[in-house]
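Residue strings, one per chain:
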Amino acid sequence: MTSSLWRQHVLPFTLLLGLLAGATLAGDYFLHRMNLVWVGRYLGIPGILLIIISLIYSLRKRKFITAGNPKTLLTLHEFGTWLGSLMVLIHAGIHFNAILPWLATVAMGVNVISGMVGKLLLSRSRQHVQSQREHFQLRGLSRPEVEQAIFWDAVAVGSMTQWRRVHIPIFIAFAVLSLGHIISIFIFWGWA
Amino acid sequence: MSRIVKIVLTLNLMLVAVLTFVYPHLMVGPGKLIPGHGKLESDCFACHTSLSGAASERCVTCHKPDQIGRLSTAGQVISKPLTSVPFHQKLISQDCVACHSDHAGVKRFRQQGSFNHSLLNKETGSRCQSCHMPPTDSLHRQISGNCSQCHGMNKWVPATFDHDNYFSLDRDHNTRCVTCHAANDYSRYTCYGCHEHTASNIRREHVKEGIRSFDNCVECHRSADEHDIRGGGNEGRREGGRDSKAEHEKHGDD
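Residues numbered from 1 in each chain as written. Chains lettered and ligands numbered in written order. Predicted model: local features only at pLDDT ≥ 70, side-chain atom pairs only at ≥ 80, totals over all residues.

Asker: Describe the overall build of chain A, and please don't skip the residues or the numbers.
Answerer: On a plain count of helices and strands, chain A comes out with nine helices and zero strands. Ordered by position from N to C terminus, the α and β elements of chain A give α-α-α-α-α-α-α-α-α. The burial tally for chain A puts 31% of its 192 residues in the buried class. Taking as baseline every contact in chain A between residues at least 6 positions apart, the subset at least 24 positions apart corresponds to 77%. (Helix = DSSP H or I, 4+ residues; strand = E, 2+ residues; numbered from the N terminus. Buried ≥ 20, exposed ≤ 12 C-beta atoms within 10 Å, placed from the backbone. Contact = placed C-beta atoms within 7 Å.)

Printed below as a string of structure tokens:
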């Protein structure tokens, strides 16, 4: 993989993902430091609501609904899922011990990463590999030489194209596991 | 999504669902129960009522209120009770979860050892020493009872009472409580409990300044500083209209 693909595309993606991890740790530290741990306990509710609202884009994309600007809804989807995931991650960090919600958290994490690969990394990386290919062809390299020169970039892009294969099934897993967690809370929590 | 992925996904989620019903304490329980409740670990509804959480009505099926602190749930006499006096019998209502919780993950959010004193009936609530050891410092050794005059029900420290709001206990007044508050009655005080202040010399000094009303010393004097005359109003005014502060300042300058 050339250094420019790393610097221009992979690094921003890594930084955005790192920001999510950093914000989670900072939020968790802040809540503990300010003795506001109970806030984290309830952050799961707005977090999951944000994620649910952001799914309007998925409904629009699959034509279950026809209203709404797809581009605006995509922005809402990206922002809503990132912020909602942050809230859920902080919520998850506030000490809970059951396996089911941890599985849901792991599924959400994979879902977020696959989604970010799909929208943030894939299209830019494709453009980058294509421009590299054209660049080498203009320099007079033969087709096998061009393919050899961009081999690792092409492999990286090829693996990124698998994001959709992961994104949808893992979202279903996340949805079912989260629903299980929410139902169990409704059954056993003392709401009164 | 391919058919194989759908099948694998469905099987996995079904497995998780089965595990949740077989091992609910691991899958959805927020941490271990206390050792005494260990046998109830996989029987969530022994304590929980659907949609309303842990219910006190379930607690009292094992923990009989009239036996708490005296007998165990198995009916054996408790040889080393946690409190010197059983008090659960004195509660105005059996709201167990107001003070108690379980599951390690839940107990982290609850202040351990907290007790809602408002659940005690009035008579028991006023007898602090029946549950609490009196402090052994030099101040509290002089006092018995009437804790609520200085301390709230929620926490012992800080005390809700600040003596400086009434009178500063400076080095000239570093004395035993009983010098001013006879019989541990902190609703009353006297300034004549020491040799420095006697009824006759106080009267003489005040009458000399034209001050006729001087029964309530702290109304004007909040410290040993004779220049620090804070109040008085009409009560402390000298006959003829001049206020006590001006008079004391003048008096102090003499």
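Asker: Talk me through the overall build of chain B; I want residue IDs and the actual numbers.
Answerer: Within chain B, the secondary structure is distributed over eight helices and two strands. Helices and strands appear in chain B in the N-to-C order α-α-β-β-α-α-α-α-α-α. Per-residue burial over chain B gives 9% buried out of 254 residues. Within chain B, contacts between residues at least 6 apart in sequence are counted, and of these 44% link residues at least 24 apart.

Asker: Give me the packing of helix 3 (residues 44–54) of chain A against helix 5 (residues 70–93) of chain A: which residues, what numbers.
Answerer: All names here are of chain A. Interhelical geometry of helix 3 versus helix 5 gives an angle of 160° and a closest axis separation of 7 Å. With respect to each other, helix 3 and helix 5 are oriented roughly antiparallel. Seen from above, helix 3 lies across helix 5 with left-handed handedness. Where helix 3 abuts helix 5, its residues Gly44, Pro46, Gly47, Ile48, Leu50, Ile51, Ile53 and Ser54 lie against Leu76, His77, Gly80, Thr81, Leu83, Gly84, Met87, Val88 and His91. Here the contact of helix 3 with helix 5 is built from residues that sort into nine nonpolar, eight polar and no charged. (Axes fitted to C-alpha atoms, helices over the stretch in contact; angles between N-to-C directions. Parallel < 35°, antiparallel > 145°, perpendicular 65-115°, else oblique. Left-handed = near helix turned anticlockwise from the far one by under 90°. Nonpolar A, V, L, I, M, F, W, Y, C, P; charged D, E, K, R; others polar.)

Asker: Give a description of the interface of chain A and chain B that names residues and reports values.
Answerer: If you look at the interface, chain A gives 25 residues, while chain B gives 24 residues. When contributions to the side of chain A that touches chain B are tallied by element, the ones reaching two or more residues are helix 2 (37–42), helix 6 (99–138) and helix 9 (163–188) of chain A. Grouping the constituent residues of the side of chain A that touches chain B by class yields 19 nonpolar, five polar and one charged.

Asker: Residue-level account of the nonpolar core, with values.
Answerer: Residue and element names in this part refer to chain A. In this structure, Leu100, Ala104, Ala107, Phe174 and Leu177 are the most contacted members of the largest nonpolar core, which totals 31 residues. When contributions to this core are tallied by element, the ones reaching two or more residues are helix 3, helix 5, helix 6, helix 8 (151–160) and helix 9. Among the elements that take part in this core, helix 6 stands out by supplying nine residues, more than any other. The residues contacting Phe174, other than those within four sequence positions of it, are Ala104, Ala107, Met108 and Asn111. (Core = buried A, V, L, I, M, F, W, Y, C linked by C-beta atoms within 7 Å.)

Asker: Break down the packing of helix 9 of chain A against helix 1 (residues 3–22) of chain B for me, citing the residues and quoting the values.
Answerer: Direction vectors running N to C along helix 9 of chain A and helix 1 of chain B enclose 15°, while the axes themselves pass 11 Å from each other. Taken together, the axis directions place helix 9 of chain A and helix 1 of chain B in an arrangement best described as roughly parallel. You can see that helix 9 of chain A and helix 1 of chain B cross each other, and the crossing is right-handed. In this structure, helix 9 of chain A uses A:Pro169, A:Ile172, A:Ala173, A:Val176, A:Leu177 and A:Gly180 to contact helix 1 of chain B, whose residues at the interface are B:Val5, B:Leu9, B:Leu13, B:Val16 and B:Thr20. For the contact of helix 9 of chain A with helix 1 of chain B, a count of residues per class yields nine nonpolar, two polar and no charged.

Asker: Could you give an account of helix 8 of chain A, naming the residues involved and the relevant values?
Answerer: All names here are of chain A. For helix 8, every residue scored as buried is listed here: Asp153, Val157 and Met160. For helix 8, the arc enclosing every buried residue in end-on projection is 55°, short of the 170-degree limit, so these residues lie on one face. Among the exposed residues of helix 8, those pointing more than 90 degrees away from its buried face are Phe151, Trp152, Val155, Gly158 and Ser159. (Arc of directions from axis to C-beta.)

Asker: Describe the environment of A:Leu89, with residues and values.
Answerer: Residues and elements named next belong to chain A. Considering the arrangement of structural elements, one finds Leu89 in helix 5. Judged by the 24 C-beta atoms lying within 10 Å of it, Leu89 is buried. A C-alpha to C-alpha distance of 9.5 Å links Leu89 and Ala23, two positions 66 residues apart in sequence.

Asker: Could you give an account of the environment of B:Arg127, naming the residues involved and the relevant values?
Answerer: Mapped onto the fold, B:Arg127 is located in the loop between helix 5 (122–125) and helix 6 (177–180). Linking B:Arg127 and B:Cys147, residues 20 residues apart in sequence, is a C-alpha distance of 8.7 Å.

Asker: Tell me about unusual backbone geometry, residues and numbers included.
Answerer: Residue and element names in this part refer to chain A. One non-glycine residue, Asn35, adopts positive backbone phi at about 60°. Checked against the element boundaries, Asn35 lands in the loop between helix 1 (3–33) and helix 2. Judged by local crowding, Asn35 falls into the exposed class, with 8 C-beta atoms found within 10 Å. If you check the backbone angles, Lys63 has positive phi at about 65° while not being a glycine. Among the residues examined, Lys63 registers 7 C-beta atoms within 10 Å and is labelled exposed.

Asker: Can you explain the confidence of the model for chain A? Please cite residues and give values.
Answerer: Counting all residues, the mean pLDDT for chain A is 85, and 93% of those residues have values of 70 or more. By mean pLDDT, helix 8 of chain A is the weakest element of chain A at 77, and helix 3 of chain A is the strongest at 93. (pLDDT = per-residue confidence, 0-100.)

Asker: Give me the lowdown on the confidence of the model for chain B, citing residues and values where you can.
Answerer: Fine structural detail should not be taken from predicted coordinates in areas where pLDDT scores are low. All names here are of chain B. Scored by pLDDT, chain B comes out at a mean of 80, with 89% of its residues at no less than 70. Confidence scores differ between elements of chain B, with helix 8 (residues 244–253) showing the lowest mean pLDDT of 40 and helix 2 (residues 24–27) the highest of 92. A low-confidence stretch, residues 234–254 (pLDDT under 50), is modelled with 35 contacts involving residues beyond four sequence positions or located in other chains. Taken over the whole predicted complex, pTM reads 0.65, whereas the ipTM for its chain interfaces reads 0.72.

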